[in-house]
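Listed below are the residues making up each chain.
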Amino acid sequence: RAAGRGAAQAEKERDELAKELGAYRTEAAARAEVQSALETQRDAAAARASSAEGRAVRADEALGRQSQEFEAHESSLAAREAEAERKLADVEAAAASRVAAAERAAA
């Protein structure tokens, strides 16, 4: 009889330990799920940051190209302006020469 009680007690302890082990395993699985979700969120955030960094780099490059184009346009505009001023000076000099010749002829 005492042996039967001992066996029943041992079986009860075994069942309790099995139940406790099952709870630990369930908790570990839940933690693993949470960790996996957090890792997925981290990876997604890293991908977004990388994508944003890539967009920033491309925008910076585009701004650099645009600045170079603007500088080239400004340089071209300054050259055309200088050419126009030179032509205007030539026209004014020719006009002054014709006026002087006309005045000499009239005198």
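One numbering rule holds for all chains: residues counted from 1, following each sequence as written. Residues qualify for local features only when their pLDDT is at least 70, as the model is predicted, and side-chain atom pairs are given and counted only at 80 or more; totals for whole chains, interfaces and linings, by contrast, use all residues. In computing side-chain values, all of the structure's heavy atoms are included and hydrogens and water are not.

## Overview of the overall build of the protein chain
Numbering goes from the N terminus for both helices and strands, where a helix is a DSSP run of H or I of at least four residues and a strand is a run of E of at least two. Helix and strand counts for the protein chain stand at one helix and zero strands. In this setup the radius of gyration rests on C-alpha atoms only. A globule is expected at 2.2 Å times the number of residues raised to 0.38. In terms of overall dimensions, the protein chain is more spread out than a globule: its C-alpha atoms have a radius of gyration of 45 Å, far above the 13 Å expected for 107 residues. Dimensions of the protein chain along its principal axes, counting C-alpha atoms only, are 155 × 10 × 5 Å. Per-residue burial over the protein chain gives 1% buried out of 107 residues. For the area figures, the Shrake-Rupley method with a 1.4 Å probe applies, and any residue is considered shielded solely by the protein chains shown. Surface accessibility of the protein chain: about 9,300 Å² in total, with carbon and sulfur atoms responsible for 56%. For the purpose of charge, His is not counted, nor are the chain termini; Lys and Arg are scored as positive and Asp and Glu as negative. Charge placement uses NZ in Lys and CZ in Arg. For Asp and Glu, CG and CD serve respectively. Of the side-chain charges in the protein chain, 17 are positive and 21 negative, and the distance between the mean point of each set is 10 Å. Buried means the residue's accessible area, taken with a 1.4 Å probe over protein chains only, is under 20% of the maximum for its type, while exposed means over 50%, and partly exposed covers the values in between.

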